[in-house]
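Each chain, written out:
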Amino acid sequence: MSSAKSVLICAFVLASAVLSSEACASPSSSSTPPMAVNPSEYPKLTRMELGHIRHLVKLAHQLPGDWSGYGSQWLLTERTQQFQIAFGAMTLALAQHEYTPAYRELYRGAIEAYIDRLQHPDIWERWFFSSRSGTRGGILNDMQAGWTDPIAKDNIMLKAYLLQLGAADEMLYGDHKYDEPGAFTFYHRGQGMGNGLIKFRYTLEDVAKNIHQEVVDSGYVGSSCEPARIFWVCQAPSSVGFLHFDQVHGTHYADVLPKMKDAWVKKGFIDAKTYRYAEVIFTAWEDRAANQRPVELTPMDQDIGGWAGIYNHAWDKEFVEAAYYGVGGHDRDVALNYFLSGEYAKAPRAADNPIHAYDSVAWGLFIAYAAEVGDREAVNKLLAYAQRNFNPVWENGEYYYPRSDDFSVDADGNSHGVDPWTGNVLIAMAGLNKGGGFYNLYNQAWGEEQYRQPYISDVDALSTNVSQAFYDKRKDALLVTLEPGPIAAKKVQFTVRQLDPTKIYTVTKNSKVVGRLDRKAQGNDEGHGSMKWREDGTVLVTTTIGNPQTFVFSASR
Amino acid sequence: MRSYDSVLIALSVCLLLTPLSAQAQEVSGEKVSIEITSCVVYSVKHPANTYDCIAEAKKALGTCNEAQSCEIPIGYNLTSGKDLDPGSGFLGKQVKITYKCGTDSMQGGPYQQDDHASLVLDCSGMWW
């Protein structure tokens, strides 16, 4: 080899090395391209599901005291708004957790508005009637003076939901707002009745402690609904509330759950072999652990049994699934036939007449229970029944099944009657829960890692539906799909928060690369002005909204 | 007969104007302060078992800086943290506070002694 040739080769090698090292130093060319993100592999809300969510959000934000759409034929002493509120909020919590974890403001606003509604006097003041108790159920010889504080003693039908919703909110959003003094405040201003103005203030922990103590004091049977009446189904919301509370606060209130189940089995209130249970246990007036008397044992998915199963699935999965099906699947088949054949609408209970609405609630609780345990066959049949008979409506982008008191049954078993709890909430809950949604909500709790992930905000909910909002940690990519909302708009904006300013993001819109976001570098291609880094480190995105628009913000690795 | 009618009319007018005068005081800016005249915690089963809580109630009132409406916590703060009737539970003890708004006598309670409850004593004139 000539020396000239050697020099040339050396020069080439050196130049290559230099160029190569420069390439490594350049962030634009050194980083590995982002991993491919296929939107169809991620959860997505359908048009109907978005309609259900819109309806639940609207019900949450009605003005205080406006109960339009909540009115039920089921005239339980406390009425049923509190249950619609609570189940509505938990449906939104499920959707938040399962479908759009990276889009929170809509869900959080509604869940917290529902919690506010639980503190409205229309909801809690009726407790005063129930607290007086009386001769029904053989508890007393006459009504008592009663008490006003809705949390202090009994009334698990309210306080369980404060615990469940408050703890879910704290788990989802990492904010301890319900730990503040007076987080739950009940102000009795009664003019026609009462011994003067009085306020009751509780924190979330006060409520958790109170319920826990009542469970312990009852010999692990539970906290009473009305005085001296302990219902299995009423324990379920507070039981799962303990799970979230413990996750957020590091406490161990949920340790009572297996003890409660054991107590019910040992005392014969649950037959764990046949999956029969006593819907209610009567107790002594002065001591909830004394003189406990169960009613007749019935299948756990009959009547309102689903009320418990929907939530207890989170901490007692195998048993709850087994109880849903019953021995050899018998109980599930009987219940499903009962609700599909119209038999449920033929069986009003004389004691509470008119009570058809109660049977519609049982219908709704069963479909929500079937959804949670993953019985898609039953859910699909029941949803088809609802579509055929319950006259669903679209209204301002909301989708729901309006109340109907027509519980007549035709020769084919079709009945059109719907209670609002079922039509507003429970069918939506069943539709959104693809199986184990509540199990996931309680067993895959969010924490600091989720709170720090990228998400979107400042979405105009009138013009925009968010059908996908998911941050994929493995691919370091944020996926967002926007769809037109009920109010037409040509262009909309949203904000992307918590992108890492040290990373470069490739942005695709409907699978086409529209730009790159590089906080550190100058002269970014930011999608021809459709994306803009702002001083506060967030990114403002502008887009047309005539059709669904899917964005992916993928970090280079 | 005529003088009897006049007395009756005058009496009726007085009765009608009594609450209005209190509201008029408020409207005119004349402040009507709260004066606690009694506070008692008592056992429901053993009514003779009582605790005079006027000192504790007045102490709580003092934190309101002479406001016309004041919240008085009615929990165990009123009995120096002691349970007047141990074992009687939430329903076992009650609290009653009497107070004056100017010359008008008012009463808050009885309500259960409750660490989460506050009686709102109110002299703002909206006491109907």
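Small disclaimer: the values here were computed from a predicted structure and weren't measured.

**Q** How should I be thinking about the overall build of chain B in this particular structure?
**A** Tallying secondary structure elements over chain B gives 2 helices and 6 strands in all. Within chain B, counting contacts between residues at least 6 apart in sequence, those at least 24 apart form 58% of the total.

**Q** Before we go on, may I ask you to explain the overall build of chain A in this structure?
**A** Helix and strand counts for chain A come out as 19 helices and 19 strands. Each principal axis of the C-alpha atoms in chain A carries an extent, and together these give about 115 × 55 × 50 Å. By residue count, 47% of the 557 residues in chain A fall in the buried class. Pairs at least 24 residues apart make up 70% of the contacts formed inside chain A by residues separated by at least 6 positions.

**Q** Just to check I follow, could you spell out the confidence of the model for chain A for this structure?
**A** Parts of the model with low pLDDT should not have their predicted coordinates read in detail. Per-residue confidence for chain A averages 92 on the pLDDT scale, and 92% of its residues sit at or above 70. For the stretch residues 1–30 of chain A, pLDDT sits under 50, and the model shows 5 contacts to residues farther than four places along the chain or on other chains.

**Q** Sorry, what's going on with the pairing of strand β15 (residues 504–509) of chain A here?
**A** Across a regular strand the side chains alternate sides, sitting on one face of the sheet and then on the other. Residue and element names in this part refer to chain A. The pairing of β15 with strand β16 (residues 512–518) spans 6 bridges and is classified as antiparallel. Paired with I504 across the two strands is D518, which belongs to β16. Bridging between β15 and strand β19 (residues 549–555) involves 5 bridges; their strand directions are antiparallel. What sits directly across from Y505, in β19, is A555.

**Q** Explanation requested: the domain arrangement of chain A in the structure shown.
**A** Interface extent is often summarised as the accessible area lost during association of the parts. All names here are of chain A. As far as domains go, chain A holds domain 1 (31–39 + 453–555) and domain 2 (61–443). Here the C-alpha centre of domain 2 lies 39 Å away from the C-alpha centre of domain 1. With 15 residues of domain 1 in contact, the opposing surface of domain 2 contributes 9 residues. Within the residue set of the side of domain 1 that touches domain 2, elements represented by two or more residues are β11 (455–457) and β12 (464–472). When residues of the side of domain 1 that touches domain 2 are assigned to their parent elements, the largest contribution, 5 residues, is made by β12. In the side of domain 1 that touches domain 2, the residues fall into 11 nonpolar, 4 polar and no charged.

**Q** Can you help me understand the environment of I54 of chain B in this one?
**A** Residue and element names in this part refer to chain B. Here I54 shows up in helix α2 (residues 54–62). I54 sits in the partly exposed class, given 16 other C-beta atoms within 10 Å. In sequence terms I54 and L78 are 24 residues apart; their C-alpha atoms lie 8.3 Å from each other. Residues in contact with I54, not counting those within four places in the same chain, are I36, S38 and C39.

**Q** I tried to follow the sheet that holds strand β14 (residues 491–497) of chain A on my own but got confused; where do I start?
**A** Hydrogen bonds between backbone groups are what pair the strands of a sheet, and the pairing can be parallel or antiparallel. Residues and elements named next belong to chain A. Reading across from one edge, β11-β14-β18-β17 is the order of the 4 strands in this open sheet, with antiparallel pairing throughout. On the outer flanks of this sheet lie β11 and β17 (531–533), each paired with one strand and no other. Taken pair by pair, the neighbouring strands of this sheet meet at an average axis angle of 25 degrees, ignoring direction. With 6 bridges joining them, β14 and strand β18 (residues 539–544) adopt antiparallel strand pairing. Its bridge partner being in β18, Q493 is matched across the sheet by T542.

**Q** Would you take a moment to explain the environment of L59 of chain A for this structure?
**A** Of note, L59 of chain A is situated in helix α3 (residues 47–60). The spacing of L59 of chain A and G88 of chain A is 29 residues in sequence and 8.7 Å in space, taken between C-alpha atoms.

**Q** Please clarify how the sheet that holds strand β6 (residues 280–282) of chain A should be interpreted in this entry.
**A** All names here are of chain A. Reading across the sheet, the 3 strands line up as β3-β6-β7 and stay open at both edges, with antiparallel pairing between neighbours. The open sheet is flanked by β3 (229–231) and β7 (293–294), the only strands paired with a single partner. Both β3 and β6 contribute to a ladder of 3 bridges, which runs antiparallel. Among the inter-strand pairings, I230 is bridged to a residue of β6, identified as I281.

**Q** Explanation requested: the interface of chain B and chain A in the structure shown.
**A** Across the contact, 17 residues belong to chain B and 16 residues belong to chain A. For the side of chain B that touches chain A, the elements supplying multiple residues, two or more each, are β5 (104–112) and β6 (117–122) of chain B. Here the side of chain B that touches chain A gets 6 residues from one element, more than from any other, and that element is β5 of chain B. Here the residues of the side of chain B that touches chain A are counted per class, giving 8 nonpolar, 6 polar and 3 charged. Summarising the sheet, strand β2 (residues 198–202) of chain A and β6 of chain B pair through 3 bridges and their orientation is antiparallel. For I198 of chain A, the partnering residue across the bridge sits in β6 of chain B and is L119 of chain B.

**Q** What is the right way to read unusual backbone geometry from this model?
**A** P110 of chain B follows G109 of chain B through a cis peptide bond whose omega is 5 degrees. Within the secondary structure, P110 of chain B sits in strand β5. One non-glycine residue with positive phi stands out, namely D303 of chain A, at about 60 degrees. Mapped onto the elements of the fold, D303 of chain A is located in the loop between β8 (297–299) and α12 (306–312). Looking at D303 of chain A, the number of C-beta atoms within 10 Å reads 21, which means it is buried.

Rules and cut-offs
- Residues numbered from 1 in each chain as written.
- Chains lettered and ligands numbered in written order.
- Predicted model: local features only at pLDDT ≥ 70, side-chain atom pairs only at ≥ 80, totals over all residues.
- Helix = DSSP H or I, 4+ residues; strand = E, 2+ residues; numbered from the N terminus.
- Contact = placed C-beta atoms within 7 Å.
- Buried ≥ 20, exposed ≤ 12 C-beta atoms within 10 Å, placed from the backbone.
- pLDDT = per-residue confidence, 0-100.
- Pairing = 2+ DSSP bridges.
- Domains from an automatic or database assignment.
- Nonpolar A, V, L, I, M, F, W, Y, C, P; charged D, E, K, R; others polar.
- Axes fitted to C-alpha atoms, helices over the stretch in contact; angles between N-to-C directions.

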